[in-house]
Number of protein chains: 2
Amino acid sequence: MMDQANFSFPVELKQVRITDDFWEKEIRLVREQVVPYQWEALNDRVPDAEPSYCIHNFKAAGKLNEQAKNKDFVRPVYSVERFQHLPEDPEKPEETRFYGFVFQDSDYAKWIEAVAYLLEQQPDPELERIADESIDIVCAAQQPDGYLDTFYILNDLSKRFTNLKDYHELYCMGHLIEGAVAYYKATAKRKLLDAACRYADCVAEHIGPEEGKLRGYPGHEVAEMALAKLYELTGEERFLRLGQYFLDERGREPCYFDLEHQLKPDGGRRNRYYQAHKPVREQEEAVGHAVRAVYLYSGMADFARLTGDESLKTACRRLWKDIVERKMYLTGGIGATHIGEAFSFAYDLPNDTAYAETCAAIGMAFFARRMLELEADSEYGDVLEREIYNGALSGMDFSGTRFFYVNPLEVLPEACREDSRKEHVQPVRQKWFGCSCCPPNLARLIGSIGSYVYTQREDAVFVHLYIGSRLEKQLKTGSLRLEMESWFPWEGKVRLKIECDATEPCTVALRMPGWCGDCRVKGAEDAQRRQEKGYLYLTKVWGSEILELDFPMEARLVQADSRVREDIGKAAVMRGPLVYCMEQADNGENLHLLRLEPEAGFTACSLEIAGRQVLALKGKGWRQRPTEGQRLYSVYTRPQFDPVSLTWVPYYAWANRGEGEMQVWSRI
Amino acid sequence: MMDQANFSFPVELKQVRITDDFWEKEIRLVREQVVPYQWEALNDRVPDAEPSYCIHNFKAAGKLNEQAKNKDFVRPVYSVERFQHLPEDPEKPEETRFYGFVFQDSDYAKWIEAVAYLLEQQPDPELERIADESIDIVCAAQQPDGYLDTFYILNDLSKRFTNLKDYHELYCMGHLIEGAVAYYKATAKRKLLDAACRYADCVAEHIGPEEGKLRGYPGHEVAEMALAKLYELTGEERFLRLGQYFLDERGREPCYFDLEHQLKPDGGRRNRYYQAHKPVREQEEAVGHAVRAVYLYSGMADFARLTGDESLKTACRRLWKDIVERKMYLTGGIGATHIGEAFSFAYDLPNDTAYAETCAAIGMAFFARRMLELEADSEYGDVLEREIYNGALSGMDFSGTRFFYVNPLEVLPEACREDSRKEHVQPVRQKWFGCSCCPPNLARLIGSIGSYVYTQREDAVFVHLYIGSRLEKQLKTGSLRLEMESWFPWEGKVRLKIECDATEPCTVALRMPGWCGDCRVKGAEDAQRRQEKGYLYLTKVWGSEILELDFPMEARLVQADSRVREDIGKAAVMRGPLVYCMEQADNGENLHLLRLEPEAGFTACSLEIAGRQVLALKGKGWRQRPTEGQRLYSVYTRPQFDPVSLTWVPYYAWANRGEGEMQVWSRI
C-alpha cells in the first residue's frame, strides 16, 4: 500500500461554475448546438449525414421485448459475423433489426453523459424531458436478466459474451455506466443508474475469476474507469471487485482473447493492439490502439487511487512517460498511425499521415486528470492543458456541427483526395461518421470541463487549469469560496478571489505552467509558501483575499527532440498553452516553401475566424522561389528566398475557413 | 499516317556482343546465379523461400491431360474465387491442384525469355537441355484447342475468360509469347513458339470485335507488346490485328470490365487502375498500377511504329511527359504508392513510403527504348540509362540471389518492422516472393541489355547507351563493324572503333547524355556533323576509324522541382548516370541529422562492397548535435552542427552490407 498523502480527489461538477470567457462559449456551443445536433444524429434525422441507427436499435430491442411477451413468439436469429450492419434498402431499415457498428449503443451513452453534465450545471427542463424519454427507450431494451447490448439482443442473444475481444459489449457497458452515474448525479433520477447496475451485475454473473465463469475482460477498455465511478457513487464493493478483476486478469497467460478465438499464442504480438500482451503492471510501453490504451491507463490510475496499489501507480507513471516523452504530438495528439488507430514506435510522429484521433486526445485528458489525483505534478497539468486547448478541441468546428476524427499536423487537401495513404485524413470537418465515437466524446469532455479545473483534499484545493470559474468547498469549520477570473488562453493573467470563513488553515496549490519561465504570484504574502513538482502551495487561514497570478505569454518557437525525423530542420510556434499553425487562408498555398526566421519575433493581433475572435500571430519569414522552368530534377542551385509576412492561428481554430493547406511544423 | 523517317528499329541481340566490364559482370551473374537460382525457385527447391508452384502447376496440368485421355475421366472442378491458392498442408501439395497466384505461369515465361537471351549470346548445351525439358513440361499442359493457362485448366476450364479484369489470362499469354519469340530467335526451335501461336489463336477465337466474341482485353497489359513481337517475327497479320484490337477497345464505353463484373460505371474512377478509364489515345495522365501503365504505353509505342499511327505516338509522348516531368523518382522509380502499386498525384514522391517496383523501372526501360525507336531524342535515352543503372538494377543484390520488389529512396529499418505503413518496404533484399514478378523480369532485362544499346536504320546506327560492345551491321554495299570500349558508369570516356567496307555513306548517331554539360567527340573530322534532339549525327563513307568520346563525369548536387514536397530543403548526389545514396555502414546511424555542404565538392574513391569495387564519393558535411537532455518538445535553439566526412555509394549497390539506414535525399 502506498502513501496516500499525495492523493487528491475530483471535485463534483456541482461545486464548480464555469464563468470563463473562452470555455463558456464552448459549453454554450455544446448546449445549444452539439447536444441537440447529436440527438438528431442519433435519431438519423441529419440530412446528408451517415445514419447512426443508435436510437433505432434501442427502440427495436424494446419492440422485440414487447413481442417476446407473447408466449408463441419465436425470437429471430441473425448472423453476428459482421462488425457493421447496414439495411439492404437504406430507405427502409427494418423495424426490429440491428444497424450500425457493434458498438453503436455507446454513442447514446456518451450523449446522455454530456446531457447530464449540462443539467448538473444549469437546469433545462426541455432537455431533461428529452433525456428522460431517451432513458425510457434505452431501459425498455434491457433483458430480464439485466443484459443490455442491442447488437446481441437484436441479432442472437445466444452468442453474447462470445467475442469480448472485438465486439465491444463491455465497452458499451462501461459507457452506459458512465452516462448513468453522471445522470444520477445531475438529476438524482435512478432509472438509468439502476439499469446500468443491473447490466454490470449480469456481466459479473457470467464473467469473473470464479469457477464456471468466463475469465474474460474488455477488448476495448473503458469499463475499468466506469466501474470505479460506479463504486465511488454507490459504495458497492462488488463494482470495485469487477473492475479490479478486469485489470488483474488482463494480459495474463494464456491470453483470454487467444482462447476465445482459438488462436495460437504469438508471443503477445497480436494482443498488443488490445494492451493484453502482458499483465498490466508489467507493461513498459504504450502500445496498440491509442484510445484503448489511455482508457486502460486511466482506469489503472483510478484503481491505484481507490485501492492504494503502488504497483499500478508505478505502471501508470511508466506508461505516461513513454507517451509524453516519445509518442505524443506537439498538439497532445497520440496514435501516430491509422493502421490500428495505434501508437507507432518511439519518435515516429509523422505530421501528414498522423491519426491523432480526437478520442485519444480526450483519453489523454482523462489519464492526466487521474495522474493529478495520484500526485500533483505540473507535468500532468501541462499535458491536460495541452490536450484541451489543442488536440482535443481541434475535433470540433466553431459551429459545433462539424467534427474531425483525425487531427493531422499538416494537410495538403489534394493529398487527402488523391493519395490513399492519407484517405483517413480529412481536410475539412465532417457532419458525422458511421463510427462516430469522437463527437459525443468531445461533448462530454467540454460539458464536464469544470471537473478538470480543480482537485481537492480535505484541507486543500489544487488549481490545475486557469479556467475562469467559481468553486465552493466545505472545510471543517466553514467554507471556502474561490472565484477565478482568467484571460487564458490569450493572456496569462489570473485573478483569484478567495472568501473563507473557516478558522482552520487550508492550502491553495497553484500549478506553475511548464511553458512559463517567469511565474509570478502576488497576494497572500503571509501564507506559508513552498513549491514542489511545479505546484506553488500557499497555506494559511484564509479570509477575504485576492491573488494576482501572472504567467507571461510570449509567442515562442518550439523544437522537437532530434529523434523525431519528421520535424528535423523545423520549428513550431506556441504561445502559452496554444499550439499555432499556418493556414493557406492567411499564407497562400505551398506552405512547404515557407521558412521561419528564428530571430524575427512575433506580433499578436486579433483575427476573426468564422465569427469568433482569436489571437493570431504575425511574424517575418521567407518564401522559397519555385524552381520554375527547370526539369523535375536539375543541378542544385542555392534556393532564393523572398521575405514574407507570416500569420499563425491557433491550431484548434484551423479549418474553419474552408479547405486549404495547414502546417504546424515549418522549415527554419 | 505519320512520317516514318524518324523511326529506327531494334537490333537483334545476335548482332551485339557485350564486352562491357560493368554489364558483363551483371550478365555473368544472370547466367551463373540468377537463372539457375530462379529455376530452383520455380521448382520450389530453394530452402526457406516461399514456394513458387509454377512448374508444379504446369506438370499438374500435363498430368490432368494424361488422365483426360481416359474416356471415363471426370474433370475435377474447384472454385476460382480466390486470387491465391495455397496447399492445405504445405508439406504435401496435391499432384493435380493449382497453387500460387493466378498469374503464376508468367514467372516461367519470363525465365525462359531470360534463358533465351543468354543462349542467343553464348551457347550453353546444358542450359538449353533444361530449357527444352521445361518447354516439354509447359507444352504438355496445353489444351487441344490451344488454351494454356494452368489456373483455369486445373481449377475450372468452364470459367476461363470470365475475369479478364483481374485474373491475368491475357497477361500470362503475353509473357508466354515473349518467351517463345525469344527462344525461337535464340535456338530456331519452334515448339514453344507454336504453342504460343496456338494460344493466341485460341484467345482470338473467343475475344475480339466480331459478333459473338467477348469484347474484352487484358486487365494487366503486356500482350500488346508481345503480339507486336510475334507479328514482327512471323509476319502474320492476325497477331497484329489482335494487339491492335486490344489497344482500340481498351477504355471504350461501356467499359468491358464493368460489364464483365456487373459494376455500375463510376466515371472511370475504378478503371484508372487498369488504364481502362478512357480510350488509350485520349489518356492524358499516367495513372493506376504503374507496371500495367508502362507496359501499355510500351505496346502503344510498338503499334505506333508498326502501323504509323500518329495519334498513338502523340498519346505516348503525352504520357511519357507526365511521368518524367511529374511522377518519376530520381532513381527512375515510378509508382509512388504501394496502394494499388500505383502512380500517385503529380509531384507526390515520398521517399520512405515509395513503392517504385523493380518491374515498373524495367517497364520504363521498355517504354524508353520504344520511344527511341519512334524518334531519337536524348530525353528517352537519358531515362533509359537512369533506369538501368539505378531503379531497375537496385532490384538485385551482388550475389544475384536476393531481390527487392520495392525500391525506396530512404529507409529506416526500425520503421519497416514497426510501422505498418511501411511494411511493403524491406530493408534488405529477399530470397523470393510469393508474387515474384520482379526477379525473372530483371533477368530478362539484363540478359537482353545488348538490345538497348543500339537501334538502327538501313543507313544509320544509333548509339543510345555507352555499354562496351561489338555490333555488326549490313549496309547495301558492305558491312559496318562497330567496337565500343567504355568505362561507364565510372568514367565518361568511350572509344568507338569503326571498320566499314561499304562504299555508301552511313550515319552514326551518338547520344549526348543530358547530365553532361560538355560533351566532346573527336575523330571523323571529315564527317557531316549535325546535332538534333541531343543526338550528334556523323555521316560519311566510313573506313577504319576511331572516335574518342569524352563525357566528363563530375559528382554533382541535384535538386528536385520545388513542388516535390518531400525533397524540399534537400539535395541528392549524382555522378554521370549514377544516383548516389548514403548508407549507415559508411555514415553511422541517424542519417536525418546529416547536412550536405553545398560548396564542399567531392572526391571519388574506390570502395569494396560485397566483393565488388564501386566508385564511392567522399565529401564534407555536417552532423546536427542531438537535442540531448531536452524534453520531447522544448524551446527552439539554433541547432549545433559538427563537421563530418560523408560517404556516398551508388544507389544500385545499397543494402549489400547488411541492414541499415539509407537515404538518397539529404538536408542541405
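Residues numbered from 1 in each chain as written. Chains lettered and ligands numbered in written order. Predicted model: local features only at pLDDT ≥ 70, side-chain atom pairs only at ≥ 80, totals over all residues. Heavy atoms only, no water.

Enquirer: In this structure, what is going on with the overall build of chain A? I would like to understand it.
Expert: Looking only at helices and strands, chain A has 18 helices and 25 strands in total. Computed over its C-alpha atoms, the radius of gyration of chain A comes to 25 Å, within 12% of the 26 Å expected for a compact globule of 668 residues. Its C-alpha atoms give chain A principal-axis dimensions of roughly 80 × 75 × 50 Å. Of all 668 residues assigned to chain A, the portion counted as buried reaches 64%. Put simply, of all contacts in chain A between residues at least 6 apart along the chain, 72% involve residues at least 24 apart. On chain A, roughly 24200 Å² of surface is accessible, and the fraction owed to carbon and sulfur atoms is 47%. (Helix = DSSP H or I, 4+ residues; strand = E, 2+ residues; numbered from the N terminus. Rg over C-alpha atoms; globule rule 2.2 N^0.38 Å. Buried < 20%, exposed > 50% of the residue type's maximum accessible area, 1.4 Å probe, protein only. Contact = heavy atoms within 4.5 Å. Areas by Shrake-Rupley, 256 points an atom, 1.4 Å probe, with all protein chains shown as cover.)

Enquirer: Help me understand the pattern of salt bridges in this model?
Expert: Two side chains that carry opposite charge are able to pair once their charged atoms sit near each other. Scanning the entire structure with this criterion turns up 127 salt bridges over all chains. A salt bridge links Lys493(B) to Asp550(B), with the nearest nitrogen and oxygen atoms 3.4 Å apart. Of this pair, Lys493(B) sits in strand 10 (residues 493–500) while Asp550(B) sits in strand 15 (residues 544–550); the two residues are 57 residues apart in sequence, bridging distant segments of the chain. Judged by its relative accessible area of 43%, Lys493(B) falls in the partly exposed class. Through salt bridges that share partners, Glu232(A), Asp302(A), Arg305(A), Arg369(A), Arg370(A) and Glu373(A) make up one connected network. (Salt bridge = Lys/Arg side-chain N within 4 Å of Asp/Glu carboxyl O.)

Enquirer: I keep staring at the sheet that holds strand 15 of chain B and nothing clicks. Help me out?
Expert: Remark on secondary structure: sheet strands pair via backbone hydrogen bonds, oriented parallel or antiparallel. Residue and element names in this part refer to chain B. Read across the sheet, six strands follow the order 2-8-9-10-15-12 without closing on themselves; strand pairing throughout is antiparallel. The open sheet has two edge strands with one neighbour each: strand 2 (16–18) and strand 12 (520–522). Strand-to-strand twist in this sheet, taken as the mean axis angle between neighbours without regard to direction, amounts to 15 degrees. (Pairing = 2+ DSSP bridges. Axes fitted to C-alpha atoms, helices over the stretch in contact; angles between N-to-C directions.)

Enquirer: Would you explain the nonpolar core in this entry?
Expert: Here is a general trend for soluble globular proteins: nonpolar side chains tend to be buried in one another's company. All names here are of chain B. Core analysis: the biggest nonpolar cluster contains 240 residues, and Phe246, Ile323 and Leu510 have the highest contact counts within it. In terms of residues, this core owes the most to one element, helix 13 (residues 358–374), which gives twelve residues. Look past the residues within four positions of Leu510 in its chain and what remains in contact with it is Val463, Tyr466, Leu496, Val521, Gly534, Tyr535, Leu536, Leu538, Leu547 and Leu549. (Core = buried A, V, L, I, M, F, W, Y, C linked by side-chain atoms within 4.5 Å.)

Enquirer: Honestly, the environment of Arg638(A) in this entry has me stumped. Any pointers?
Expert: As for its position among the elements, Arg638(A) is in the loop between strand 22 (633–635) and strand 23 (641–650). Ignoring sequence-local partners within four residues, the contact set of Arg638(A) consists of Pro598(B) and Glu599(B). Looking at Arg638(A), its side chain comes within polar contact range of the side chain of Glu599(B), at 3.0 Å. (Polar contact = N/O pair within 3.5 Å; in protein donor to acceptor, adjacent residues only side chain to side chain.)

Enquirer: Is there a simple way to explain the relation of the copies chain B and chain A in this structure?
Expert: Here two copies of a chain appear, and what relates them is a rotation about an axis with a shift along it. Turning chain B through 180 degrees and shifting it by 0.0 Å along the axis lays it on chain A, with an RMSD of 0.0 Å. One copy is carried onto the other by what is essentially a two-fold rotation axis. By C-alpha distance to the rotation axis, the residue of chain B lying nearest is Arg421(B), at 4.0 Å. Most of the interface of chain B is mirrored in chain A, where 98% of its interface residues are also at the interface. (Least-squares fit on C-alpha atoms with pLDDT ≥ 70 in both.)

Enquirer: How should the domain arrangement of chain A be read in this particular structure?
Expert: It is common to report an interface's size as the accessible area lost on association of the parts. Residue and element names in this part refer to chain A. When the domains of chain A are assigned, the result is domain 1 (50–278), domain 2 (286–451), domain 3 (458–550) and domain 4 (556–667). For domain 1 and domain 2, the distance between their C-alpha centres works out to 23 Å. Taken together, the contact pairs 37 residues of domain 1 with 33 residues of domain 2. A combined buried area of about 2900 Å² lies between domain 1 and domain 2, and 65% of that area is made up of carbon and sulfur atoms. Counting the surface domain 1 buries against domain 2, the share from its top three residues, Lys110, Met225 and Tyr273, is 22%. At the boundary of domain 1 with domain 2, the tally comes to three salt bridges. In this structure, Arg305 engages Glu232 in a salt bridge whose closest nitrogen and oxygen atoms are separated by 3.1 Å. Between the two partners, domain 1 and domain 2, sit nine residue pairs in polar contact (both at pLDDT 80 or more). Secondary-structure elements contributing two or more residues to the side of domain 1 that touches domain 2 are helix 3 (105–121), helix 6 (169–187), helix 8 (223–234) and helix 9 (237–249). At seven residues, the largest contribution of residues to the side of domain 1 that touches domain 2 is made by helix 3. Looking at side-chain class alone, the side of domain 1 that touches domain 2 contains 14 nonpolar, eleven polar and twelve charged residues. (Domains from an automatic or database assignment. Buried area = accessible area lost by both parts, 1.4 Å probe. Nonpolar A, V, L, I, M, F, W, Y, C, P; charged D, E, K, R; others polar.)

Enquirer: Got a minute to help me understand the sheet that holds strand 15 (residues 544–550) of chain A in this structure?
Expert: Residue and element names in this part refer to chain A. Taken in spatial order, the six strands make up an open sheet running 2-8-9-10-15-12, and their pairing is antiparallel. Both outer strands of the open sheet, strand 2 (16–18) and strand 12 (520–522), are each paired with one neighbouring strand and no more. Averaged over all neighbouring strand pairs, the angle between strand axes comes to 15 degrees, with direction disregarded. Sheet topology places strand 12 next to strand 15; three bridges connect them, and they run antiparallel. For Arg520, the partnering residue across the bridge sits in strand 15 and is Asp550.

Enquirer: Teacher, can you tell me more about the pairing of strand 16 (residues 555–560) of chain B here?
Expert: Looking along a regular strand, one sees the side chains alternate between the two faces of the sheet. The buried fraction of strand 16 of chain B is high, at five of six residues. Bridge count for strand 22 of chain A against strand 16 of chain B is three bridges, and the pairing is antiparallel. Bridging across to strand 16 of chain B, Tyr633(A) finds its partner in Ala560(B). Sheet topology note: the strand 16 of chain B/strand 17 (residues 570–575) of chain B ladder contains four bridges and is antiparallel.

Enquirer: Honestly, the confidence of the model for chain A in this entry has me stumped. Any pointers?
Expert: For residues with low pLDDT, the predicted coordinates do not support detailed interpretation. Across chain A, the average pLDDT comes to 95, with 99% of residues at 70 or higher. With pTM at 0.92, the complex prediction returns an ipTM value of 0.94. (pLDDT = per-residue confidence, 0-100.)

Enquirer: What am I meant to see in the pairing of strand 10 (residues 493–500) of chain A here?
Expert: By the alternation rule, side chains of strand 10 of chain A split into Val494(A), Leu496(A), Ile498(A) and Cys500(A), which are all buried, and Lys493(A), Arg495(A), Lys497(A) and Glu499(A), of which none is buried. Hairpin connection of strand 9 (residues 479–486) of chain A to strand 10 of chain A: six residues between the antiparallel strands.

Enquirer: Can you walk me through the state of the cysteines in this structure?
Expert: Here a disulfide denotes a covalent bond joining the sulfur atom of one cysteine to the sulfur atom of another. All names here are of chain A. This structure, assessed with the given rule, holds zero disulfides over all chains. Cys54 takes part in no disulfide bond, and the closest cysteine sulfur to it belongs to Cys172, at a distance of 8.8 Å. A relative accessible area of 0% places Cys54 in the buried class. (Disulfide = S-S within 2.5 Å.)

Enquirer: Got a minute to help me understand the interface of chain B and chain A in this structure?
Expert: Between chain B and chain A, the contact holds 65 residues from the first and 64 residues from the second. Applying the counting criterion to the chain B and chain A interface returns six salt bridges. The residue Glu379(A) makes a salt bridge to Arg631(B) at a minimum N-O spacing of 3.3 Å. At the junction of chain B with chain A, the criterion picks out 24 residue pairs in polar contact (both at pLDDT 80 or more). When contributions to the side of chain B that touches chain A are tallied by element, the ones reaching two or more residues are helix 12 (310–326), helix 15 (413–418), strand 16 and strand 22 (633–635) of chain B. For the side of chain B that touches chain A, the residue count by class is 27 nonpolar, 15 polar and 23 charged.

Enquirer: For this particular structure, what's the right way to read unusual backbone geometry?
Expert: Residues other than glycine predominantly adopt negative phi, and peptide bonds predominantly adopt the trans conformation. The omega angle of the peptide bond from Glu253(A) to Pro254(A) is -10 degrees, so this bond is cis rather than trans. Positionally, Pro254(A) belongs in the loop between helix 9 and helix 10 (256–260). The linkage connecting Phe488(B) with the following residue, Pro489(B), adopts the cis geometry, with an omega of -5 degrees. Its location among the elements puts Pro489(B) in the loop between strand 9 (479–486) and strand 10. For Phe161(B), which is not glycine, the phi dihedral falls at a positive 60 degrees. With respect to the helices, strands and loops of the structure, Phe161(B) is situated in the loop between helix 5 (150–155) and helix 6 (169–187).

Enquirer: Explain a negative patch on the surface here, please?
Expert: All names here are of chain A. Together, Glu88, Asp89, Glu91 and Glu94 make up a negatively charged patch on the protein surface. Take Glu88: it is sitting in the loop between strand 3 (84–85) and strand 4 (100–101). A relative accessible area of 84% means that Glu88 is categorised as exposed. (Patch = residues over 30% accessible without salt bridge, like charges linked within 9 Å, V, L, I, M, F, W, Y side chains within 5 Å. Lys, Arg positive; Asp, Glu negative; His and termini not counted. Charge placed at Lys NZ, Arg CZ, Asp CG, Glu CD.)

Enquirer: Explanation requested: the packing of aromatic side chains in the structure shown.
Expert: Two descriptors summarise a pair of aromatic rings, namely the distance from one centre to the other and the angle between the planes of the rings. The tally for this structure, following the rule as stated, stands at 79 aromatic pairs over all chains. Measuring from centroid to centroid gives 5.9 Å for Phe488(B) and Trp515(B), while their planes differ by 50 degrees, and the two rings are tilted. Residue Phe488(B) is found in the loop between strand 9 and strand 10, and its partner Trp515(B) is found in the loop between strand 11 (506–511) and strand 12; the two are separated by 27 residues along the sequence. Pair check on accessibility: Phe488(B) and Trp515(B) agree, each one buried. Above the plane of the ring of Phe398(A) lies Arg612(A), whose end atom (NZ or CZ) is 4.0 Å from the centre. A cation sits over an aromatic face here: Arg97(B) above Tyr78(B), 3.5 Å from the ring centre. (Phe/Tyr/Trp six-rings, centres within 6.5 Å; stacked < 30°, edge-to-face > 60°. Lys NZ or Arg CZ within 6 Å of the ring centre and 35° of its normal.)

Enquirer: Would you mind showing me how to read the side chain of Glu120(A) here?
Expert: Residues and elements named next belong to chain A. Among the structural elements, Glu120 can be located in helix 3. With a relative accessible area of 11%, Glu120 lands in the buried category. Beyond its immediate sequence surroundings of up to four residues, Glu120 is in contact with Glu12, Leu13, Lys14, Ala182, Lys185 and Ala186.

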